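# Tertiary structure, described
Chain by chain, the residues run as shown.
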Amino acid sequence: MASKRRQGVRDSTEKKKKKSCDETAELCSLLQDEQLKKDLSEAWSHKSHYSHGDLELDCHPFPHCVIRNFLSSETFIENLQSELLRLNFHEKSNDLYKFKQSDDLKKRKEPHIAGLRAALFECFRSWLGEVLGIELEATVDISCAKYEYTDILLCHDDELEGRRVAFILYLVPPWQCSDGGTLDLYSTDSNFQPQSIVKSLVPSLNTLVLFEVSPVSFHQVSEVLTEDKCRLSLSGWFHGPSIERPPHYMEASIPRNPHIPRDETVLLEWVNPIYLDISYQEQIQEEFEDSSEIQLKDFLKEEKFKEVNEALQLAQIEWKKRCPPNKRCYEVAHLDTLPQCVKDCWELLHSEAFFLLLSNFTGLRLHFLCPADDDDDDDDDDDDDEEKEKEAKAEENTEAEAAMGGETTTRRDKSPPTNSSGGKELSTPVCSGEVRRWSHGGYTLLHDGEAAQAEYALDLVFPFGCADWQSEFGGYTCYVANEEDEELLTVYPEDNSLALIYRDKETLKFVKHVNHKSFSVGCDSRTLYDFSFVYYE
């Protein structure tokens, strides 16, 4: 009995050793070199370049370390890839990114996934903490991502409470720069805002890239341009004491201006006559008040739309890129270089007559002829208060003669912009606007500054040049609830279709990245134009 028992223990021990060996992720021998660790630590602290064998530290534009041949066993890598590709992947898409991500790997039991996780967050974490001279927590933060054709992760800095060092382990097939999917690193300006890409790292099998999360660690995964390959990677963060960050930079807003003096003749010249009919305006307002958005198709007279559509493509217009890339990337026209018909269209959207027309479409106070609700003084007042609604209805019974060819086109009080009780003067309706050009790579992103300054406003988007535009190209506008993933509304570009959207302080918007599908076969990227205005009561 004793002999059999000893034999059984020995067999069990051998099995455990074998199992342990199968799951062990052997890291490259460089990590055992004490002198290398000491030299790397010194170089990192002084932000100086360091290279030794398969390891390189480059501090431009911010410190990042590349370790090639990170795992010593090719068999382990192959088995790891197989385990990862058998996971469930979920489509992830918002303003910042589009790719597929696996379930959380924190507790996955697959032997090679578990083995790598243990190696990263035990011995490698200890090694990295010594290099940086800080205590890294045992927190496990790791996932797997698949980037395929047109997938992307736009410019960001990885900032989130507790994140100290970001890492990416590439498990890709042979990869070239022309395939896209590079890790692009950005330079920053004196306000810690990203400027331009100064270095691109091409993914390579069994290469680990890591960098400290800091106020200047802006980077992106460029759009994958190959249709034949999958950019597979493991990524996550080591947690530790955060680096001190400067206050969030608040950039200047686009200037706001009151309407310009243009009478009803500008509407008669440009706008489809159906939209100048009082009964139709009432229908539009009723629909708008129900949904807070509407699209007015065939808004301009056909010949006017065609003229502006063609003029926007003329070479005389000077376009300037709007940045920084962690907030937006598109081109805006210099107004003084616009062809005359485009200037005239701009003035139409900025005119007093158009402000009044928008009031008729929406019921908003965008002209002094519109009523001033008493509850406008406090944005937090209950908009559904029954008594105030009755008062507003009573005010609307007085119709003002509008400047629309002599027709009565708005139900508004002609009183001047002050309270009858002598209260505070009402704000003057204003607007801001741009003429924008969108092509491959264009987008806007949600950001903290936008959320902090969010206010009630009426958005106008009027696209041109989108006759053959498809939704899969991107370039559409999404409205979302602040700090939520819920998508409230998507506005797709459509020629001569004027979109009006009213948003509150909890609603934000972005323009989805224009991807590589926007290219025609053998041609340059398709180009989309729009007038983008925001009106404030």
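Residues numbered from 1 in each chain as written. Predicted model: local features only at pLDDT ≥ 70, side-chain atom pairs only at ≥ 80, totals over all residues. Heavy atoms only, no water.

### Examining the sheet that holds strand β20 (residues 477–481)
Convention followed: The pairing criterion for strands is at least two bridges between them, as found by DSSP. Numbering goes from the N terminus for both helices and strands, where a helix is a DSSP run of H or I of at least four residues and a strand is a run of E of at least two. An axis is simply a line fitted to the C-alpha atoms; with a helix, the fit covers only the stretch in contact. Between two such axes, the angle follows the N-to-C directions and lies from 0 to 180 degrees.
One open sheet holds the three strands; their spatial order is β21-β20-β23, and the pairing between them is antiparallel. In the strand order of this sheet, the two ends are held by β21 (487–491) and β23 (507–511), each with one partner. Across this sheet, the average inter-strand angle for adjacent strands is 20°, counted without regard to direction. Both β20 and β21 contribute to a ladder of four bridges, which runs antiparallel. Note on β21: the bridge partner recorded for Tyr479 is Leu489.

### What to know about empty space enclosed by the protein
The criterion, for reference: Of the grid points, spaced at 1 Å and generated over the protein atoms alone, those admitting a 1.4 Å probe that cannot get out make up cavities, while open sets with protein on both sides within 12 Å along at least five of seven lines make up pockets; any residue with an atom within 4 Å of a point is treated as lining. Grid points are joined across faces, edges and corners, and a volume is the space filled by probe spheres set on the points. The nonpolar class holds Ala, Val, Leu, Ile, Met, Phe, Trp, Tyr, Cys and Pro. Asp, Glu, Lys and Arg form the charged class, and all remaining residues, Gly among them, are polar.
Inspection of the entire model under this criterion finds three cavities of 30 Å³ or more. A volume near 70 Å³ is recorded for the largest cavity. Taken together, the elements giving at least two residues each to the lining of the largest cavity come down to β17 (430–438), β19 (457–464) and β24 (528–536). Along the lines of polarity and charge, the residues of the lining of the largest cavity split into nine nonpolar, two polar and two charged.

### So, the environment of Pro194
Counted only if it meets this: Residues are treated as being in contact if the distance between any of their heavy atoms lies within 4.5 Å.
Within the secondary structure, Pro194 sits in strand β10 (residues 194–201). Here the alpha-carbon distance between Pro194 and Pro324, two residues 130 residues apart in the chain, equals 6.0 Å. Residue contacts for Pro194: discarding those within four places in its chain leaves Cys155, Tyr186, Ser187, Thr188, Phe218, Pro324, Pro325 and Asn326.

### Details of the pattern of salt bridges
Rules: We count a salt bridge whenever a side-chain nitrogen from Lys or Arg sits within 4 Å of a carboxyl oxygen from Asp or Glu. Each residue gets one of three labels from its accessible area relative to the maximum for its type: buried under 20%, exposed over 50%, partly exposed in between, using a 1.4 Å probe on protein chains only.
Taken as a whole and assessed by the stated rule, the structure comprises 23 salt bridges. Among the ionic pairs, Asp58 bridges to Lys199, the shortest N-O distance being 2.6 Å. On the criterion of sequence distance, the pair formed by Asp58 in strand β2 (residues 55–58) and Lys199 in strand β10 is long-range, its members being 141 residues apart. A residue is classified by how much of its surface remains accessible, and Asp58, at 16% relative accessible area, is buried.

### Thoughts on the environment of Val140
Here Val140 is to be found in the loop between α4 (111–132) and β6 (142–147). With sequence-adjacent residues up to four places away left out, Val140 is seen in contact with Lys106, Arg117 and Phe121.

### Here's the deal with the pairing of strand β9 (residues 183–188)
Most of β9 is tucked away: five of the six residues are buried. Of the pairings in the sheet, the one linking β9 to β10 comprises five bridges and is antiparallel in character. For Leu185, the partnering residue across the bridge sits in β10 and is Lys199. Counting the residues in the hairpin turn of β9 and β10 gives five residues, including Phe192, whose phi is positive at 60°. As paired elements, β9 and strand β12 (residues 219–221) share three bridges and run antiparallel to each other. Pairing of Leu185 across the sheet is with His219, part of β12.

### Remarks on the nonpolar core
Just so we agree on the cut-off: Definition of nonpolar core: a set of buried residues of the types Ala, Val, Leu, Ile, Met, Phe, Trp, Tyr and Cys, connected through side-chain atoms within 4.5 Å.
Counting residues in hydrophobic clusters, the biggest one holds 47 residues, and the most contacted among them are Ile67, Phe70, Leu71, Leu84, Phe124, Trp127 and Leu234. Ranked by residue count, the leading element in this core is α4, at ten residues. Among residues more than four places away in sequence, those in contact with Phe70 are Glu26, Leu27, Cys28, Leu31, Leu120, Phe124, Leu169, Asn206 and Leu208. Grouped together as the second largest cluster of nonpolar side chains are 46 residues, Leu296, Phe299, Ala333 and Cys341 included.

### Details of unusual backbone geometry
At the junction of His60 and Pro61, the peptide bond is cis and its omega measures out at 0° in the coordinates. Summarising the element assignment, Pro61 is placed in the loop between β2 and β3 (64–67). The omega torsion across Cys323 and Pro324 is 5°, close enough to zero to call that bond cis. With respect to the secondary-structure elements, Pro324 resides in the loop between β15 (319–322) and β16 (328–333). Of note in this structure, Asp158 is not a glycine but carries a positive phi near 70°. Residue position: Asp158 is located in the loop between β7 (152–156) and β8 (163–170). Among the residues examined, Asp158 registers a relative accessible area of 8% and is labelled buried.

### Things to note about the side chain of His447
Going by this rule: Throughout this description, a polar contact denotes any pair of N or O atoms lying within 3.5 Å of each other; where both atoms belong to protein, one of them has to be capable of donating a hydrogen while the other can accept it, and for residues adjacent in sequence the pair is counted only when both atoms sit in side chains.
Relative to the helices and strands, His447 resides in the loop between β18 (443–444) and α11 (448–452). Polar side-chain contacts of His447 include one of 3.1 Å to the backbone nitrogen of Glu450. In this view, His447 contacts Lys327 and Arg328; residues no more than four positions away in its chain are not counted.

### What about α4?
Operational definition: Multiplying 1.5 Å by the helix residue count minus one yields the expected span of that helix. What is called the bend at a residue is the angle between a pair of axes, fitted to the seven residues leading up to and ending at it and to the seven starting from it.
An ideal rise of 1.5 Å per residue puts 32 Å on 22 residues; α4 measures up with 30 Å between its terminal C-alpha atoms. In α4, a bend of some 45° at Phe124 exceeds every other bend along the element. With 16 of its 22 residues buried, α4 lies for the most part within the structure. One or two positions beyond α4, positive phi appears at Gly133, with a value near 75°.

### Observations regarding the packing of aromatic side chains
For the record, the criterion: When the centres of two rings from Phe, Tyr and Trp lie within 6.5 Å, Trp using its six-membered ring, the rings pair. Their planes under 30 degrees apart give stacked, over 60 give edge-to-face, and anything left gives tilted. Only when the NZ of Lys or the CZ of Arg is both within 6 Å of the ring centre and within 35 degrees of the ring normal is a charge said to sit over the ring.
Considering all chains together, one arrives at 28 aromatic pairs under this definition. Ring centres of Phe167 and Phe238 lie 5.2 Å apart, and the angle between their planes is 45°; on these two criteria the pair is classed as tilted. Of this pair, Phe167 sits in strand β8 while Phe238 sits in strand β13 (residues 231–239), placing them 71 residues apart in sequence. Note on Phe167: relative accessible area 1%, which makes it buried. Above the ring of Trp237, the side-chain terminus of Arg163 is found at 3.4 Å from the ring centroid. Taking NZ or CZ as reference, Lys229 lies 5.7 Å from the ring centre of Trp175, over its face.

### Topic: a negative patch on the surface
To keep it simple, the criterion reads: What goes into a patch is any residue over 30% in relative accessible area without a salt bridge, connected to like charges within 9 Å or, for nonpolar side chains (Val, Leu, Ile, Met, Phe, Trp, Tyr), within 5 Å. In short, Shrake-Rupley with a 1.4 Å probe defines the accessible areas, and a residue's cover is counted only from the protein chains shown. Think of it this way: Lys and Arg go in the positive column, Asp and Glu in the negative one, and His and the chain ends go nowhere. Charged side chains are reduced to one point each, which is NZ for Lys, CZ for Arg, CG for Asp and CD for Glu.
Side chains of Asp448, Glu483, Glu484, Asp485, Glu486, Asp504 and Glu506 sit close together on the surface and give a patch of like negative charge. As for its position among the elements, Glu486 is in the loop between β20 and β21.

By themselves, these figures tell us nothing about what the structure is for.
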